[in-house]
Amino acid sequence: MARYYFDVLNGKQFERDGEGFEFDNLYAAVQAAARLAAEIGTDRLARSDTSHVVIEVRDEQDQRVCTVTASMTIDRHDKLPRTYHPWSA
């Protein structure tokens, strides 16, 4: 098992992971980072925030091994009022 750290650029705020997570291999760590980015993005979308989510994955030697970026762009082509959010109740 190897330990990987997920540093999150959350909007303009950088959150350095000091604990990390253990995975069997880099592939498993990358998949977990992708899921985490999707979860953060989903939470943001519920608040009408479509900014990028960036996760820098570091290994035990503090080397960056992967960057996962999740983003969403909404191009409006209708005349719905800005307060309309079909994904919220």
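Structure: see above.
Here's what I pulled together on the structure shown here.

Rules and cut-offs
Residues numbered from 1 in each chain as written. Predicted model: local features only at pLDDT ≥ 70, side-chain atom pairs only at ≥ 80, totals over all residues. Heavy atoms only, no water. Core = buried A, V, L, I, M, F, W, Y, C linked by side-chain atoms within 4.5 Å. Buried < 20%, exposed > 50% of the residue type's maximum accessible area, 1.4 Å probe, protein only. Helix = DSSP H or I, 4+ residues; strand = E, 2+ residues; numbered from the N terminus. Contact = heavy atoms within 4.5 Å. Salt bridge = Lys/Arg side-chain N within 4 Å of Asp/Glu carboxyl O. Expected span 1.5 Å × (residues − 1). Polar contact = N/O pair within 3.5 Å; in protein donor to acceptor, adjacent residues only side chain to side chain.

**Focus on the nonpolar core**
Step number 1: Formed by 15 residues in total, the largest nonpolar core has its most connected members in Tyr4, Phe6, Phe23, Ala33, Ile55, Val57 and Val68.
Step number 2: Of all the elements in the fold, those that place two or more residues in this core are β1 (2–10), α1 (26–46), β4 (53–58) and β5 (64–70).
Step number 3: With 5 residues, α1 is the largest single contributor of residues to this core.
Step number 4: Excluding anything up to four places from it in sequence, Ala33 contacts Phe6, Ile55, Val57 and Val68.

**Notes on the environment of Leu36**
Step number 1: By the secondary structure assignment, Leu36 is in helix α1.
Step number 2: Using a relative accessible area of 25% as the deciding quantity, one classes Leu36 as partly exposed.
Step number 3: Taking the C-alpha atoms as reference points, Leu36 and Val68, separated by 32 residues in sequence, lie 9.5 Å from one another.
Step number 4: Discounting residues that sit within four places of it in the chain, Leu36 has contacts with Phe6 and Ile55.

**Remarks on the pattern of salt bridges**
Step number 1: Enumeration over the complete set of coordinates arrives at 6 salt bridges.
Step number 2: Here Glu22 makes a salt bridge to Arg3, at a shortest N to O gap of 3.4 Å. Of the two residues, Glu22 sits in strand β3 (residues 21–23) while Arg3 sits in strand β1, which places them 19 residues apart along the sequence.
Step number 3: Its salt-bridge partner being Arg16, residue Asp7 comes within 3.9 Å of it at the nearest N-O pair.
Step number 4: The exposure class assigned to Asp7 is buried, which follows from its relative accessible area of 2%.
Step number 5: Each of Asp7, Arg16, Arg58 and Asp62 takes part in a single network of salt bridges with overlapping partners.

**Overview of α1**
Step number 1: Taking 1.5 Å per residue, 21 residues should reach 30 Å; α1 reaches 31 Å between its end C-alpha atoms and fits that length.
Step number 2: All buried positions along α1 are accounted for by Ala29, Ala32, Ala33, Ala37, Ile40, Arg44 and Leu45.
Step number 3: Where α1 is buried, its residues meet β1, β3, β4 and β5.
Step number 4: N-cap assignment for α1: the residue whose side-chain oxygen lies 3.2 Å from the backbone N of Tyr27 is Asn25.
Step number 5: In the segment just after α1, Ser48 is the residue with positive phi, at about 65°.

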